[in-house]
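# Breakdown of the fold
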Amino acid sequence: MRLRVPPGAPAALKVLAAAAAAPAPVRPHLGGPAERPQSPAPELELRLELDSGTVLFSPNAICQYFYLCRGEEPTDLTTQWLEWEATELQPAVAAALYLRLVQGRAGPEALGLLQPLLAHLEQQLARSGTSHLAGDAASVADVVVWGSLFPVLQDQPSLPSELQVLRSWFGAVSALEPCRAAAALLPEAPRELRAHLARHPPHLPGPPREPQDEESPERALTDGDIAAAVEVWARGPAALPPPREPRTPVLPVEGERNVLITSALPYVNNVPHLGNIIGCVLSADTFARYSRLRGWQTLFVCGTDEYGTATETRALQEGLSPRQLCDRYHALHADIYAWFRISFDHFGRTTTPLQTSIAQDIFQRLLARGFLLQDTLEQLRCERCGRYLADRFVEGTCPCCGYGEARGDQCDRCGKLINAVELQNPQCKLCRGTPVVTPTQHLFLDLPKLEGRLEAWLERTWAAGEWTANARHITRTWLRDGLKPRCITRDLTWGTPVPLDGFHDKVFYVWFDAPIGYLSITADYTEHWERWWKNPQQVELYNFMAKDNVPFHSVVFPCSLLGADDNYTLVNHLIATEYLNYEDGKFSKSRGVGVFGDMAKDTGIPADVWRFYLLYLRPEGQDSAFCWADLMLKNNSELLNNLGNFINRAGMFVCKFFGGAVPAMALTAEDQRLLARVTLEMRRYHQLMERVRLRDALRCVLGISRHGNQYIQVNEPWKRIKGDERDRQRAGTVTGVAVNLAAALAALLQPFVPGVSAAIQAQLRIPPERCGLGPGLTCTLPAGHRVGTVSPLFQKLEPEQVEALRQRFGGGQAKEPPPASAPPPAPNTPAAPGDPKLIQELTEQVAQQGNLVRQLKAAQVEKAQVDAQVAKLLELKRQLALAEGRSPEVPKGKRKK
């Protein structure tokens, strides 16, 4: 392999350190001419050329590759640190170095830009109790973060005194041999870096926001920002995109942006819980609504995945035919998604003649091109049931981690994909009998033969598309381990028939067949389906799913379409979430734990509140957890006190003080700064939405609302309206600007809470042609515009109501029972005294619970609710004390008198 490092590349140090840590020596080529044409910046020219011909351009991907060569697989924690370094730390370091090296500003001033990030590092290191970022040993995360910080911190005699843990970590990593070797290779690094930054100045952030604002730091407003915002405001409705007439069917239009959106097909037997809803359909719906608001040609399809043994078995249990069962549950899914206001263009199903014809066509094309193999497969057969057992109907001990309740296709504990015959002590889940291994002939997709095509396609797609970090990581893991032929047939009757002699008694395996449902469901929507699915030149495809579905959408299905060689549209943007848990455990329909889709509407909580909270805690970078106390807190603080309060006040001022007509406005410098600030926030909103960072975009909207509340609070129009003519004019201007900001919020909120958005539009009587998303804050409601009746948008959630719901959906137990092979410890005995992993987990839980208690107290919620969470905090502290070998009765720092 060959590593090329151009002079002045900001990422050079971390890449060289990772290369020095590789098991085999890697000779870097420093300062040589770049070979990548039309590269706009040196950092993009840094590259690792593998012997296979593959070229890696991402510095963090290169670092990760070197550590993979050492046998160190990335963990969720190292992946999160690498993402944080790339999105948060790198831009701030570049700005700090620019101030110091190019503008010659003093070190403390440059270091000040990094202070919040350094404090975050200090806090995370202190919480973890480990000497490095991802454990007690140095990992790729340490090298990557160190490599970014070294140019800034190497000349600092000492970090601030309060950052003791960070100072110790930085010194320890700097002393590692790979890091010392990398620093020695770049004696001219400061000079070359200065030259690079002078040619490519970074964005310089302004002062950081107050702690309660969760978005990235604001930059200082310029005269240009203010002038541009005033110009957009003055254009009024003309600044908004023209409304589009809805067309049916929606089809791609040449020369326009055409967006095809799919949500992972829910299995028909499973009633979706909140985690399923946010992981797939709700995330996809939010982006689809945004895409339509932008005026893009947008088609959003989904449907129920209905074939397979699970359907056959459930039908037998309920005394129905598989078709009757699918009809019942398809209608249930459709009702749930309609209640959540999911705006499918078409919600179909996979049990259609179109599914059969399209799947069989792809199969025949793969067969004709030599991408299918025939082989004998050893499969578990239950003689008592008289049938071959689908993977999910076999249970046993995982051969990888020893978990005693692993399924026949995947272990829920370690996440490894396994074959059912590899399970130890297998059992039939239907009758609890012991199945026997029986040979049977099957067809396989020859993935190794398609691997080259797949890698070339991924390289192109990753360079241009938005793939979440977990989607890239999971896909790389599959490729690193080497692709293997994958069986595409099963010994079942309920499925798409295999059109090949000798296999007429078999059907296609669900993971070959189900993704083809996207195509057949589109074909059910329009006979012109090929304009979407055989048109990669004009169509952008977005796939939304949870992370467990990634390999089938990033490897298996693309290989099927690449092998079929019929100009299919392949995924451009693969958006995968982590998991949403429920309180302290997992959702479980059988145990009554968690809220499922058919139950949500019976809680009395509106659909848009559910949408808001699920999107607010969307598990984008790591797992998150639904918490009833937090739902109440976010509803009462963000929806009621922030968003609802601002919009209600703005509308009420128009009604109460100006007879229901928007007053005339004479903008002052203060008003113009508000326009500029909101316009910048709206630009950031668009950037986040286009990158499908939905959670951050929602928080950006809440930030705009906070600007509006502050604007009203500072200017006090309710007082000025009682003053002289000048004060009354000022009250009119503030009211007019505020109600126009409320109108803008209606558009910004539409992808997230469409019912609330429609209510705002109705109350303010915003004409349909003025409901679009503009480039900034526009005067869409001019002086004289009459608003309607203004009423509260949200209702307060009371502690008693929330506690009753928590008890109702608690199922009587909060956590999964431990495996039989690991009996629970005695009540007052720690499970593993001194276990660093256990201590780290408990320390993080104590910190999170402590933050929740502080938030509840700050929001002045009912004492009973606070007491319940305090009791939970004390119990976590007790467990932590036991794990650390301390007495839980007398915590550190306290003594009985």
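Note that the structure is a prediction, hence the values are computed from the model and not measured.

## Quick look at the layout of surface pockets
Size it by volume and the second largest pocket reaches roughly 790 Å³. Around the second largest pocket, the lining is made up of 28 residues, and of these Pro243, Arg244, Pro246, Arg292 and Leu293 lie nearest the centre. Among the secondary structure elements, those contributing two or more residues to the lining of the second largest pocket are helix 10 (274–293), strand 6 (297–304) and helix 27 (754–764). Considering every element that reaches the lining of the second largest pocket, the biggest residue donor is helix 27, with four residues. Taken together, the residues of the lining of the second largest pocket sort by class into twelve nonpolar, eight polar and eight charged.

## Some points on the sheet that holds strand 17 (residues 539–546)
The strand order across the open sheet formed by five strands is 7-6-5-17-18, and the pairing between neighbours is parallel. The sheet is open, and its two borders are formed by strand 7 (346–349) and strand 18 (573–577), each paired with just one other strand. Within this sheet the neighbouring strands show an average axis-to-axis angle of 20°, counted without direction. Strand direction decides the pairing type here: strand 17 and strand 18, joined by five bridges, are parallel. In the strand pairing of strand 18, Phe544 is matched with Ile575. Set on the sheet, helix 10 makes contact with strand 5 (258–263), strand 6, strand 17 and strand 18; between it and strand 17 the angle comes to about 150°. Relative to the sheet, helix 12 (residues 322–339) contacts strand 6 and strand 7, its axis offset from that of strand 7 by approximately 160°.

## Describing the sheet that holds strand 9 (residues 387–388)
The antiparallel open sheet is built from four strands, whose spatial order is 9-8-13-14. One side of each edge strand has no neighbouring strand; the edge strands of this open sheet are strand 9 and strand 14 (486–487). Of the pairings in the sheet, the one linking strand 13 (residues 436–445) to strand 14 comprises two bridges and is antiparallel in character. Note that in strand 14 the partner of Phe444 across the bridge is Cys487.

## Brief notes about the nonpolar core
Residues Ile362, Trp610, Trp628 and Tyr685 are the most contacted members of the largest nonpolar core, which totals 174 residues. The dominant element in this core, judged by the number of residues it contributes, is helix 26 (residues 725–749), at 13 residues. The residues contacting Ile362, other than those within four sequence positions of it, are Phe512, Ile516, Leu519, Ser560, Leu561, Ala564 and Tyr568. Within the second largest apolar cluster, 56 residues are counted, among which are Ala18, Val93, Leu117 and Val143.

## Here's the deal with helix 3 (residues 76–102)
Between the first and last C-alpha of helix 3 there are 37 Å, a value that for 27 residues agrees with the 39 Å anticipated at 1.5 Å per step. The largest bend along helix 3 measures about 40° and falls at Leu89, with the proline Pro91 one to four residues further on. Just downstream of helix 3, Gly104 is the residue with a positive phi angle, here 70°.

## Details of empty space enclosed by the protein
Here the structure, examined in full by the defined rule, presents six cavities of 30 Å³ or more. By volume, the largest cavity amounts to about 100 Å³. In terms of lining, the largest cavity is formed by 15 residues, of which the most central are Leu240, Ala743, Ala744, Gly772 and Thr778. Broken down by element, the lining of the largest cavity gets its largest block of residues, four residues, from helix 26. Here the residues of the lining of the largest cavity are counted per class, giving eight nonpolar, six polar and one charged.

## Some points on the confidence of the model for the protein
Confidence in the prediction for the protein averages 85 pLDDT; 86% of positions are at 70 or higher. Below a pLDDT of 50 lies the segment residues 889–897, which in the model reaches four contacts outside its immediate sequence neighbourhood of four places, other chains included.

## Regarding helix 2 (residues 59–69)
Of all eleven residues in helix 2, eight are buried; the element is thus mostly enclosed. For helix 2, the full list of buried residues reads Pro59, Asn60, Ala61, Ile62, Cys63, Gln64, Phe66 and Tyr67. Remark: Gly71 follows helix 2 within two positions and exhibits a positive phi of approximately 90°.

## Points about the environment of Leu367
Among the secondary structure elements, Leu367 is positioned in helix 13 (residues 353–368). Considering only alpha carbons, one finds Leu367 and Ala564, 197 residues apart in sequence, at a separation of 8.6 Å. Beyond its immediate sequence surroundings of up to four residues, Leu367 is in contact with Leu372 and Leu500.

## Comments concerning the environment of Asp501
Within the element layout of this structure, Asp501 appears in the loop between strand 15 (489–490) and strand 16 (507–508). Its relative accessible area of 67% is what places Asp501 among the exposed residues.

## Quick look at the state of the cysteines
Evaluated as defined, the whole model comprises zero disulfides. A disulfide-free cysteine, Cys302 has its sulfur positioned 7.7 Å from the sulfur of Cys280, the nearest such atom.

## A word on the packing of helix 5 (residues 140–153) against helix 6 (residues 164–174)
Between helix 5 and helix 6, whose axes approach to 10 Å, the crossing angle comes to 100°. In terms of orientation, helix 5 and helix 6 fall into the roughly perpendicular class. Between helix 5 and helix 6, the contacting residues are Asp142, Val145, Trp146, Leu149, Phe150 and Leu153 on the first element and Trp169, Phe170, Val173 and Ser174 on the second. The class makeup of the residues in the contact of helix 5 with helix 6 is eight nonpolar, one polar and one charged.

## Points about the packing of aromatic side chains
For the structure on display, the rule yields 33 aromatic pairs. Centroid distance Phe587 to Phe596: 6.2 Å. Interplanar angle 90°. Geometry classified as edge-to-face. Taken as a pair, Phe587 and Phe596 share a single burial class, namely buried. By way of ring pairs, the aromatic residues Tyr582, Phe587, Phe596, Trp610, Tyr613, Phe626, Trp628 and Phe809 are connected into one cluster. Over the ring of Tyr509 we find Arg490; its NZ or CZ atom is 3.8 Å from the centre of that ring.

## Quick look at the side chain of Thr130
One can find Thr130 in the loop between helix 4 (107–128) and helix 5. Its relative accessible area of 11% is what places Thr130 among the buried residues. Among the polar contacts listed, one links the side chain of Thr130 to the backbone oxygen of His132, at a separation of 2.9 Å.

## Focus: the pattern of salt bridges
Where side chains of opposite charge bring their charged atoms close, a pairing between them can arise. Taken as a whole, this structure holds 36 salt bridges when the rule is applied. Of the charged contacts in the structure, one is a salt bridge between Glu540 and Arg257, with a shortest N-O distance of 2.7 Å. A residue pair is termed long-range when its members are at least 10 positions apart, and Glu540 in strand 17 and Arg257 in the loop between helix 9 (223–235) and strand 5 qualify at 283 residues. A salt bridge links Asp608 to Arg341, with the nearest nitrogen and oxygen atoms 2.9 Å apart. With Asp608 in helix 21 (residues 607–616) and Arg341 in the loop between helix 12 and strand 7, the pair connects residues that are 267 residues apart, well separated along the chain.

## Some thoughts on the side chain of Asp696
By secondary structure assignment, the location of Asp696 is in helix 24 (residues 694–715). Looking at Asp696, the relative accessible area reads 18%, which means it is buried. Beyond its immediate stretch of four places on either side in the chain, Asp696 contacts Glu620 and Leu688.

Scoring rules and cut-offs
Numbers given to residues run from 1 along each chain, matching the order in which its sequence is written. In keeping with the model being predicted, local features are shown solely for residues with a pLDDT of at least 70 and side-chain atom pairs are shown and tallied solely at 80 or more, while totals for entire chains, interfaces and linings include all residues. Note: side-chain values were computed over all heavy atoms of the structure, leaving out hydrogens and water. In this analysis, the protein atoms alone were mapped onto a 1 Å grid. Cavities are point sets where a 1.4 Å probe fits without being able to get out; pockets are open sets with protein on both sides within 12 Å along at least five of seven lines; lining residues have an atom within 4 Å of a point. Grid points are joined across faces, edges and corners, and a volume is the space filled by probe spheres set on the points. Labels follow the DSSP assignment, with helices taken as runs of H or I lasting at least four residues and strands as runs of E lasting at least two, numbered in each case from the N terminus. Each residue gets one label: Ala, Val, Leu, Ile, Met, Phe, Trp, Tyr, Cys and Pro are nonpolar, Asp, Glu, Lys and Arg are charged, and the others, such as Gly, are polar. Whether two strands pair comes down to DSSP finding at least two bridges between them. Here, axes are lines fitted to C-alpha atoms. For helices the fit covers the stretch in contact, and angles between N-to-C directions go from 0 to 180 degrees. Residue contacts are counted whenever heavy atoms from the two residues lie within 4.5 Å of one another. Residues belong to a common nonpolar core when they are buried Ala, Val, Leu, Ile, Met, Phe, Trp, Tyr or Cys residues joined through side-chain atoms within 4.5 Å. Only protein chains enter the accessibility calculation, which uses a 1.4 Å probe; a residue whose area is less than 20% of its type maximum is buried, one above 50% is exposed, and one in between is partly exposed. By this rule, a helix spans an expected 1.5 Å times one less than how many residues it contains. Here the bend at a residue is taken as the angle between two axes, fitted respectively to the seven residues that end there and the seven that start there. Across the chain, each position has a pLDDT score giving the predictor's confidence in that residue, from 0 to 100. In this description, the term disulfide denotes a pair of cysteine sulfurs within 2.5 Å. Under this scheme an angle from 65 to 115 degrees is roughly perpendicular, one under 35 degrees roughly parallel, and one over 145 degrees roughly antiparallel; angles in between are oblique. Each Phe, Tyr or Trp ring (for Trp, its six-membered ring) is paired with any other whose centre lies within 6.5 Å, and the angle between the two planes then decides the class: stacked below 30 degrees, edge-to-face above 60, tilted in between. Geometrically, a charge over a ring is one whose NZ (Lys) or CZ (Arg) sits within 6 Å of the ring centre while staying within 35 degrees of the ring normal. The term polar contact refers here to a pair of N or O atoms within 3.5 Å; inside protein, the definition further demands a hydrogen-donor-capable atom paired with an acceptor-capable atom, and it admits residues adjacent in sequence only when both atoms are side-chain atoms. The term salt bridge refers to a pairing of a side-chain nitrogen on Lys or Arg with a carboxyl oxygen on Asp or Glu at a separation within 4 Å.

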